[in-house]
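Here's the letter readout for the chains.
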Amino acid sequence: MEVLMSRLASTAIAVTGLTGGYATGRITEKRPLAAVVLAVAGTGAFLLWKKDAGTVKATALVTTYLVAFGASHPLSKKIGAWPAVNSVTAAVGVLSLILGGAKKGQ
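These notes cover the structure that comes with them.

Thresholds applied
Residues numbered from 1 in each chain as written. Predicted model: local features only at pLDDT ≥ 70, side-chain atom pairs only at ≥ 80, totals over all residues. Heavy atoms only, no water. Helix = DSSP H or I, 4+ residues; strand = E, 2+ residues; numbered from the N terminus. Core = buried A, V, L, I, M, F, W, Y, C linked by side-chain atoms within 4.5 Å. Buried < 20%, exposed > 50% of the residue type's maximum accessible area, 1.4 Å probe, protein only. Contact = heavy atoms within 4.5 Å. Axes fitted to C-alpha atoms, helices over the stretch in contact; angles between N-to-C directions. Parallel < 35°, antiparallel > 145°, perpendicular 65-115°, else oblique. Left-handed = near helix turned anticlockwise from the far one by under 90°. Nonpolar A, V, L, I, M, F, W, Y, C, P; charged D, E, K, R; others polar.

**Some remarks on the environment of Ser76**
Right, so step 1: The topology assignment puts Ser76 in helix α3 (residues 55-79).
Right, so step 2: Spatially, the C-alpha atom of Ser76 lies 9.9 Å from that of Ser87, the residues being 11 residues apart in sequence.

What follows is the structure, encoded as structure tokens:
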């Protein structure tokens, strides 16, 4: 149960970082503040992923988190800003649920 809760927590932090970062930037019109939200959430998610899944998977997940953030920009030109953010956030969330769990042998 503890592993499941931690997996859900890291996923919630990651998806909050992506959607919250975008919302913060949009509402405040301050991109540096949006970057802070993205970075703080990404760091928090990384630390939980590292504890639960190990360094290799945590690195892969945080890399996906950052690539998803970057991919949302060109995607937004095709489908709109919120749909793009929601799409990449969903992908990161699913991947986090799949890979962000217990290390082998736990």
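**Regarding the nonpolar core**
Right, so step 1: Formed by 13 residues in total, the largest nonpolar core has its most connected members in Ala14, Leu18, Trp49, Tyr65 and Val92.
Right, so step 2: At five residues, the largest contribution of residues to this core is made by α3.
Right, so step 3: The residues touching Val92, leaving out its near neighbours within four places in the chain, are Ala14, Leu18, Thr64, Tyr65 and Ala68.

**What to know about unusual backbone geometry**
Right, so step 1: The backbone of Glu29 sits at a positive phi, close to 60°, despite the residue not being glycine.
Right, so step 2: Relative to the helices and strands, Glu29 resides in the loop between α1 (2-28) and α2 (31-53).

**Some remarks on the packing of α3 against helix α4 (residues 81-99)**
The relative placement of two packed helices is expressed as an angle between their axes plus a distance between the axes.
Right, so step 1: With their axes 7 Å apart at the nearest point, α3 and α4 run at an angle of 160° to one another. In terms of axis orientation, α3 runs roughly antiparallel to α4. Crossing handedness for the pair α3 and α4: right-handed. Each of Lys57, Leu61, Thr64, Tyr65, Ala68, Ser72, Leu75, Ser76 and Ile79 in α3 lies in contact with α4, whose residues at this interface are Ala81, Pro83, Ala84, Ser87, Val88, Val92, Leu95, Ser96 and Leu99.
Right, so step 2: Here the contact of α3 with α4 is composed, by residue class, of 12 nonpolar, five polar and one charged.

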